[in-house]
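Structural overview
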Amino acid sequence: MAMAGCKGGCNCMFWWVFCIVVMLCSLAVGCQSAAFNDFFYPTWAADHVMSQGDLLQLKLDRTSGAGFASKSTYLFGKATVQMKLVPGDSAGTVTAFYMSSQGDQHDEFDYEFLGNTSGEPYVVQTNVFSNGVGEREQRIYLWFDPTANFHSYSFLWNRQQAVFFVDNVPIRVFRNNEKRGVPYPQTGPMGIFSSIWNGDGWATQGGRVKTDWSHAPFISTYKNFNIDACKYSSGTKCTSWWDQPTYTSLNSKQRMQLKWVQEKYMIYDYCKDSVRFPSPPAECTA
């Protein structure tokens, strides 16, 4: 590409860099708009899965919710999506973003975003299944309005820990405690999933507030899918950046961030529920 009238090394360098940045940005936008079809497919109610440019939307109405899944499965790495949750009166709705393997002894990492009446904060419930055993719920309020703008939600998963991040702030850590007899997900590859559905039997204030269908359709919006993980096939050695010492535990800043979330925004922790668990689960005393 020739640039007429370009005089001086600095000016020429500036225009070269500018043109390269423009081209890269154009490519990035193209990748974003193609990302869903490249990596995911609708799992149910395809007519409720809508693509608008670089945005993807899942719709819930009286007839159906909707969902999608990754075409591949992964063993370790990081999966991130930016989401804007159902605005307004979202009571009764559940938007889920999760990773899961298959079978009765499946492993799973869950975000479940529990809608609420207008003006009330969203509740985010996380859960971990290992060898088919779950009941490890934690609930927090978010420190922002998740319906006003897009925010990132991530799983970082390696052999030492699974970390849930919101806007790069850790909100939960599940450590490998196999030495204490606690199964840890590290052998079964997981797919990446999301869905929206009606959970008004339990989702909002214990099921006391039901879905108001006059506000339907309820829509969750997605963009910027990012999967930096080991795409699994038989015999794959899933070793990469996530095995570096940096990622085996939280750093000091992340530990402070996690403590801040737990102290200011956590409203339920299964580890502290003595009614459900008279003796705390082993991972809670590690």
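As the structure is a computational prediction, the values presented were derived from the model and not from experiment.

**Brief notes about the confidence of the model for the protein**
- Counting all residues, the mean pLDDT for the protein is 88, and 88% of those residues have values of 70 or more.
- Confidence over residues 1-34 falls short of pLDDT 50; this stretch has twelve contacts with residues more than four positions distant or in other chains.

**Some remarks on the pairing of strand S2 (residues 49-52)**
- Examined bridge by bridge, S2 and strand S3 (residues 55-60) share four bridges and lie antiparallel to one another. Pairing of Val49 across the sheet is with Leu58, part of S3.
- The turn joining S2 and S3, which pair antiparallel and follow one another in sequence, is formed by two residues; a positive phi near 65 degrees is taken by Gly53.

**Section: the environment of Leu258**
- By secondary structure assignment, the location of Leu258 is in helix H2 (residues 252-265).
- Spatially, the C-alpha atoms of Leu258 and Arg172 are 7.1 Å apart, while their sequence positions differ by 86 residues.
- Every residue in contact with Leu258, bar those within four places of it in the chain, is listed here: Pro170, Ile171, Arg172, Val173 and Leu250.

**Remarks on the sheet that holds strand S1 (residues 40-44)**
- Read across the open sheet, the eight strands follow the order S1-S4-S13-S6-S7-S8-S9-S15; overall the sheet is antiparallel. The outermost strands of the open sheet, each flanked by one partner alone, are S1 and strand S15 (266-269). Across this sheet, the average inter-strand angle for adjacent strands is 15 degrees, counted without regard to direction.
- As paired strands, strand S6 (residues 93-100) and strand S13 (residues 191-198) are joined by eight bridges and run antiparallel to one another.

**What about the side chain of Arg172?**
- With respect to the helices, strands and loops of the structure, Arg172 is situated in strand S12 (residues 169-175).
- For the buried Arg172, which has no salt bridge, the nearest side chain bearing the opposite charge is Asp269, at an N-O separation of 6.3 Å.
- Here Thr126 takes part through its side chain, which lies 3.0 Å from a polar atom of the side chain of Arg172.
- Sequence-distant contacts of Arg172, defined by excluding residues within four places in its chain, comprise Thr126, Asn127, Val128, Arg136, Glu137, Gln138, Ala162, Val163, Phe164, Leu258 and Tyr270.

**Some remarks on the packing of aromatic side chains**
- Considering all chains together, one arrives at 28 aromatic pairs under this definition.
- An angle of 70 degrees between the planes, with centres 4.9 Å apart, marks the rings of Phe113 and Tyr153 as edge-to-face. You can see Phe113 sitting in strand S7 (residues 108-114) and its partner Tyr153 sitting in strand S10 (residues 151-157), a full 40 residues away along the chain.
- With relative accessibility at 0%, the residue Phe113 sits in the buried group.
- Residue classification places Tyr153 among the buried residues on the basis of a relative accessible area of 0%.
- Through pairs of rings, three or more aromatic residues link up here, namely Phe76, Phe97, Phe109, Tyr111, Phe113, Tyr153, Phe155, Trp157 and Phe164.

**Digging into the state of the cysteines**
- For the structure shown, the criterion picks out two disulfides.
- Covalently, Cys230 is tied to Cys238 through a disulfide, its sulfur atoms 2.1 Å apart. In this structure, the disulfide formed by Cys230 and Cys238 twists by about -65 degrees around the S-S bond and is classed as left-handed.
- The disulfide bridge from Cys271 ends at Cys284, spanning 2.0 Å between sulfur atoms. Between Cys271 and Cys284, the S-S dihedral sits near -70 degrees, and the bridge is therefore left-handed. Here the residue Cys271 occupies a position in the segment after S15, and Cys284 occupies one in the segment after S15, the gap between them amounting to 13 residues.

**Comments concerning the environment of Gln138**
- Along the chain, Gln138 turns up in strand S9 (residues 138-141).
- Take Gln138: its relative accessible area is 10%, and that puts it in the buried class.
- Between the C-alpha atom of Gln138 and that of Arg172, which follows or precedes it by 34 residues, the distance is 8.4 Å.
- Beyond its immediate stretch of four places on either side in the chain, Gln138 contacts Val124, Gln125, Thr126, Ile171, Arg172, Met266, Tyr268, Asp269 and Tyr270.
- Within the local environment of Gln138, its side chain forms a polar contact with the side chain of Asp269, the two groups lying 3.3 Å apart.

**Description of the pattern of salt bridges**
- In total, this model carries four salt bridges according to the counting rule given.
- Across the pair Arg136 and Glu283 runs a salt bridge, and its minimum N-O distance is 2.7 Å. In this pair, Arg136 sits in the loop between strand S8 (123-129) and S9 while Glu283 sits in the segment after S15, placing the two residues 147 residues apart along the sequence.

Criteria and thresholds
- The residue count restarts for each chain, going from 1 along the sequence in the order it is written.
- A pLDDT threshold of at least 70 governs which residues receive local features in this predicted model, and a stricter bar of 80 or more applies before side-chain atom pairs are shown or counted, although totals over entire chains, interfaces and linings include all residues.
- Each side-chain value is worked out from all heavy atoms of the structure, with water and hydrogens disregarded.
- pLDDT: the predictor's confidence for each residue, scored from 0 to 100.
- Between two residues, a contact is recorded if the distance between any of their heavy atoms is within 4.5 Å.
- Pairing between strands requires that DSSP locate at least two bridges from one strand to the other.
- Secondary structure elements follow DSSP: runs of H or I of four or more residues count as helices, runs of E of two or more count as strands, with numbering from the N terminus.
- Axis definition: a line fitted to C-alpha atoms, limited for helices to the stretch in contact. Angles are taken between N-to-C directions and run from 0 to 180 degrees.
- Under the scheme applied here, a residue whose accessible area is under 20% of the maximum for its type counts as buried, over 50% as exposed, and between as partly exposed, the area being computed with a 1.4 Å probe on protein chains only.
- Charged residues are defined narrowly, with Lys and Arg counted positive, Asp and Glu counted negative, and His plus the chain ends left uncounted.
- Salt bridges are defined as contacts in which a side-chain nitrogen from Lys or Arg sits within 4 Å of a carboxyl oxygen from Asp or Glu.
- What qualifies as a polar contact is a pair of N or O atoms within 3.5 Å, subject to a donor-acceptor requirement within protein and to the restriction that residues adjacent in sequence count only when both atoms come from side chains.
- Side-chain rings of Phe, Tyr and Trp, where Trp is taken by its six-membered ring, are said to pair if the distance between their centres is within 6.5 Å; with planes under 30 degrees apart they count as stacked, over 60 as edge-to-face, and otherwise as tilted.
- Disulfides are defined as cysteine sulfur pairs within 2.5 Å.

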